[in-house]
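# Results of the structural survey
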Number of protein chains: 2
Amino acid sequence: MLDLHKKVLVSFFNKYLPEKEKEYKKINGWSEYICTKLLQFIINGKMIRGGLVLRSYLFIKDNISEDAIKVAAAIELIHSSLLIHDDIMDKDKFRRGEKTIPAQFSEIGEKQNYLNPEHFGNSIGISFGDLGFFMGFELLSQIKEVSENKVNEFISGELSKVTLAQMQDVDGGYSKDEFSENEILSIYKYKTGRYSISTPLIVGAMLAGMPNHNLRTLENLGEDLGILFQIKDDELNLFGKKNKTGKPNGSDIRENKKTLLRHFLYKSSSKEQQKKLRFIFGNSNISKVQIKYVLDLIKELKIRERIKEITNKLEKKTKNYIDELKLPDKQKHAFLEFLEYNLERKK
Amino acid sequence: MLDLHKKVLVSFFNKYLPEKEKEYKKINGWSEYICTKLLQFIINGKMIRGGLVLRSYLFIKDNISEDAIKVAAAIELIHSSLLIHDDIMDKDKFRRGEKTIPAQFSEIGEKQNYLNPEHFGNSIGISFGDLGFFMGFELLSQIKEVSENKVNEFISGELSKVTLAQMQDVDGGYSKDEFSENEILSIYKYKTGRYSISTPLIVGAMLAGMPNHNLRTLENLGEDLGILFQIKDDELNLFGKKNKTGKPNGSDIRENKKTLLRHFLYKSSSKEQQKKLRFIFGNSNISKVQIKYVLDLIKELKIRERIKEITNKLEKKTKNYIDELKLPDKQKHAFLEFLEYNLERKK
C-alpha cells in the first residue's frame, strides 16, 4: 500500500527538485550538487510519513489532490532534513544504504585536503538540513485548501515537540543515569509515535476534512503504532540484516541509546553482567565480539519475550482504535496491513 | 528608530516564550531550560530584521498590527536559530556578549563529565536551532491577513537561498582558492542584503499591502543596504571594540572568511606579504601580534580607503532608491537615519 504512495512522491520529487535546481542556479554553483544529493537521499527513504499523509487523505477522498501530494512531500523533505541533522549528532556514517550526507561532504573535504574535513562535512550537513526545512515550509505555504493555516500550525507545533524529545534522547546517550520505562516510552511517543505516525495521519485527514472526533482517535492510534514502530526499529538495529536496513548493526549500543531493550536488559542482568554492559554501551570502539555478548545476553535473559508482552498489548489497542474509526472495509484492511507491516518489517 | 521596535518585540517575547514553556512542559524537563536560554539569546540581539519588518509596515499603516509583530518575531526566531547553527559551523564561542548556545551546552556537558562535551554542545545546539525554526513557522502560520500565504512563501524561499550562500561561505573558509570580488559580493547580496534587509522590508510592506512596483524598489534598496551592512560587519570584526560587538576581534581571520577587506588586502600585497598572510588566515591559533600585523598592513596599503570607494557608490545608490519610494518626509527621514546608523554603528 505505501509502495504505491511512494511512487507518487518519487515522481513528484523527480520533477520538483530539478526545477528548484534551476531556480537556485543564479545564487551559486552549489545548486546542482545539493539538489542531486537531496533527490537521491529522499528517494532512498521508505517515505512512510509522506505515504501515511496520502493514505489518510484517501480515508475520506476518492482521489489524491495536488495539495495532498505537496504536503506529503513537504513532510518527507522536513523528515529527511531532521535525519541529516540526526546523523551529525549520532556520528552515523550510513543511512538509507549509502553514506550519510555529512559523511559524503566529509569525503569531499578530504579530497580537497581541507583542514578538519569532518567538521566541514558536519557544517555543510547543518546548512543542508536547514535548506530542506525551508523548502518544506515553502511547499506547505503553497497549498490552497481551506485548512491550510491549521495544517501548517499543527505540523510546526508537532515538529517543535520532536526537537525537545530529541534533546532528551541526545542527553540520554551521554548521561550515565538510567531512564525509567516511562521516560523511554515518552521519547518513543513524541519522537516516533506522534511525529512519524499521528502527525502524517492527522494532516492527511485534516486536508480531506475528517471530523474532529476521528482526528482524536487517529492521534491515539498513531501514538501506539509509533511506539510499535520504534520498538521494531530498536530490534532491527541489533538483530536486522545490514543489507536490508542500510546501516551497520549495533549503532544503538555504541551511541548508548536508552532503548526499551537496553532498559530491560539492565534490569534483568546480574551485577557482574551490568558491569560488562556498562563498559560496552556508549563505547564507540566496541568489537563484534562485544556486540555478540550483548545479543547473546538478550537471548539468554529472554528480553525480546518481555518486549513482546508490551507489543502484544499495543497491538490489541491499535486494533481497537482501528475499529473505532469505523472505516469502510477496504480502508480498514489497508490499516491492518500497515500494522502487520510494522510488526514484520525487515528494514 | 529601531530601538523602539525592539522594545515591542522584547515585550512580545517576554510573554510568548513563558507561554511556550508551559505548553512544552508536558513533553519533558528540557522545556524551562530551553525557553529561558532562548529568551535571553533573542533579547541580547539587535533585532534589526524584526525591527525592519515593523518599520516597513509603518510605511503604509499608521499602527503596528498583531500580525506584523508575529511576523517580525518569527523572523527574529528564525534568525537567532540560523546564528546558533552558524556558531557551530564557525566554532565561535561568543555571540551577543555572552557564550554562544552550543558553548553554553558544552559547558554543561563538561560539568556532567560527559564524554566529548563539545560534540554534546553542538548536538543540542543543532536541535535548539531546529526548534527555533519550527516555532518561527508556527507563528507565521497564525497570521490572519490576506497576504499570509504570499508572505510565508516569500520568507521560506529567501531562507532557502541563504543556506546556499552559507554553504559557499563555509566552503570559502576551508578552500585555498581565492574568491573574485563578484563572488564575494554575491555572498553579501544573498547572505546579508536580501536576507537581512530586503526580506524584512518586503515582508512588512507586503503585510501592509504596498504596491508591487514599490516592493521591487525595496528589494534593490535592501540588497545594497545589506552589502553596506556586511562591509561594516567585516570592519567591526577587525577594528571594532569587543565590549561593543560582544565578540573577540579577528574571528574572520581565524576562520579564513573571504571578506572584501581580505580580497583587496591579498590583491594589493607583495608576494612576501601574501606568504605571511596565507600563514595567518585560517589559522585558529593566531596570536595578537599576528592580528596586529594584518591590521597594520590593511592601514599601510590603504585597504579601507579602497573599500570606502565602493561604499560611497552604494550609499549614493541607496539614497536614489529611497527617493524613488516617494515616501512621506517622516518615513523618508527614518530610512536615511537607518542608512546613517548602518554606516556609523559601533556594534
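Residues numbered from 1 in each chain as written. Chains lettered and ligands numbered in written order. Predicted model: local features only at pLDDT ≥ 70, side-chain atom pairs only at ≥ 80, totals over all residues. Heavy atoms only, no water.

### Looking at the interface of chain B and chain A
Taken together, the contact pairs 57 residues of chain B with 57 residues of chain A. Together chain B and chain A conceal approximately 5,400 Å² of surface at their shared face, both sides included; 64% is due to carbon and sulfur atoms. Looking at the side of chain B facing chain A, the largest losses of area belong to Phe134(B), Met167(B) and Tyr174(B), adding up to 14% of the total buried there. For the interface between chain B and chain A, the tally reads 0 salt bridges. Our count for the chain B to chain A interface comes out at 20 residue pairs in polar contact (both at pLDDT 80 or more). Every element with two or more residues in the side of chain B that touches chain A is listed here: α1 (2-24), α2 (30-43), α4 (66-90), α6 (117-140), α7 (148-174) and α8 (181-208) of chain B. With 18 residues, the top contributor of residues to the side of chain B that touches chain A is α7(B). (Contact = heavy atoms within 4.5 Å. Buried area = accessible area lost by both parts, 1.4 Å probe. Salt bridge = Lys/Arg side-chain N within 4 Å of Asp/Glu carboxyl O. Polar contact = N/O pair within 3.5 Å; in protein donor to acceptor, adjacent residues only side chain to side chain. Helix = DSSP H or I, 4+ residues; strand = E, 2+ residues; numbered from the N terminus.)

### Details of the nonpolar core
In terms of nonpolar packing, the biggest core is built from 228 residues, with Phe13(A), Leu218(A), Phe335(A), Phe13(B), Leu218(B) and Phe335(B) touching the most fellow members. Aside from chain neighbours lying at most four places away, what touches Leu218(A) is Ser56(A), Phe59(A), Ser198(A), Leu201(A), Ile202(A), Ala205(A), Met210(A), Leu325(A) and Phe335(A). (Core = buried A, V, L, I, M, F, W, Y, C linked by side-chain atoms within 4.5 Å. Buried < 20%, exposed > 50% of the residue type's maximum accessible area, 1.4 Å probe, protein only.)

### Examining the relation of the copies chain B and chain A
Superposing chain B onto chain A takes a rotation of 180° plus a shift of 0.0 Å along the axis, which leaves an RMSD of 0.0 Å. Those values place the two copies in the arrangement expected of a two-fold rotation axis. Both copies present the same face, since 100% of the interface residues in chain B are matched by interface residues at the equivalent positions in chain A. (Least-squares fit on C-alpha atoms with pLDDT ≥ 70 in both.)

### Considerations on the environment of Gln40(A)
All names here are of chain A. Within the element layout of this structure, Gln40 appears in helix α2 (residues 30-43). Classification of Gln40 as partly exposed rests on a relative accessible area of 39%. For the pair Gln40 and Ala68, spaced 28 residues apart in sequence, the C-alpha to C-alpha distance is 22 Å.

### Some words on helix α12 (residues 260-268) of chain B
All names here are of chain B. Counting buried positions along α12 gives 7 out of 9 residues, so the element sits mostly inside the fold. When we look at burial in α12, the residues that qualify are Leu260, Leu261, Arg262, His263, Phe264, Leu265 and Tyr266. Residues of α12 that are buried sit in contact with α8, α9 (212-239), α13 (271-280), α14 (288-300) and α15 (303-324).

### Some details on the packing of helix α3 (residues 48-60) of chain A against helix α4 (residues 66-90) of chain A
All names here are of chain A. At a closest axis distance of 8 Å, the pairing of α3 and α4 adopts a crossing angle of 155°. The angle between α3 and α4 falls in the class roughly antiparallel. Crossing of α3 over α4 shows right-handed handedness. Across the interface between the two elements, Ile48, Arg49, Gly50, Val53, Leu54 and Tyr57 from α3 touch Ala68, Ile69, Val71, Ala72, Ile75, Glu76 and His79 from α4. (Axes fitted to C-alpha atoms, helices over the stretch in contact; angles between N-to-C directions. Parallel < 35°, antiparallel > 145°, perpendicular 65-115°, else oblique. Left-handed = near helix turned anticlockwise from the far one by under 90°.)

### As for the packing of aromatic side chains
By the definition in use, this model includes 32 aromatic pairs over all chains. Centroid distance Trp30(B) to Tyr33(B): 6.1 Å. Interplanar angle 85°. Geometry classified as edge-to-face. Linking Trp30(B) with Tyr33(B), this pair stays in helix α2, spanning 3 residues, or about one helical turn. Judged by relative accessible area, Trp30(B) falls into the buried class, the value being 12%. Chaining the aromatic ring pairs together yields one cluster made of Phe133(A), Phe134(A), Phe137(A), Phe133(B), Phe134(B) and Phe137(B). Over the aromatic face of Phe41(B) sits the side chain of Arg96(B), whose NZ or CZ is 4.5 Å from the ring centroid. Positioned over the ring face of Phe239(B) is Arg304(B), at 4.0 Å from the centre of the ring. (Phe/Tyr/Trp six-rings, centres within 6.5 Å; stacked < 30°, edge-to-face > 60°. Lys NZ or Arg CZ within 6 Å of the ring centre and 35° of its normal.)

### Details of unusual backbone geometry
Residue and element names in this part refer to chain B. For Met47, which is not glycine, the phi dihedral falls at a positive 55°. Among the structural elements, Met47 can be located in the loop between α2 and α3 (48-60). A relative accessible area of 2% places Met47 in the buried class. For Arg96, which is not glycine, the phi torsion reads 50° and is therefore positive. Among the structural elements, Arg96 can be located in the loop between β1 (94-95) and β2 (98-99). With a relative accessible area of 17%, Arg96 lands in the buried category.

### Points about the packing of α2(A) against α4(A)
Residue and element names in this part refer to chain A. In contact at an axis separation of 10 Å, α2 and α4 are set at 95° when each is read in the N-to-C sense. What the angle tells us is that α2 and α4 run roughly perpendicular. Counted together, Leu38, Phe41 and Ile42 of α2 and Leu77, Ser80, Leu83 and Ile84 of α4 form the full contact between these two elements. When grouped by side-chain class, the residues that make up the contact of α2 with α4 number 6 nonpolar, 1 polar and no charged. (Nonpolar A, V, L, I, M, F, W, Y, C, P; charged D, E, K, R; others polar.)

### Quick look at the environment of Ile88(B)
Inspection of the secondary structure puts Ile88(B) in helix α4. Given a relative accessible area of 4%, Ile88(B) falls into the buried group. For the pair Ile88(B) and Arg262(B), spaced 174 residues apart in the sequence, the C-alpha separation amounts to 23 Å. Ile88(B) has contacts with His119(A), Ile126(A), Pro102(B), Asn122(B), Gly125(B) and Ile126(B), leaving out every residue within four places of it along the chain.

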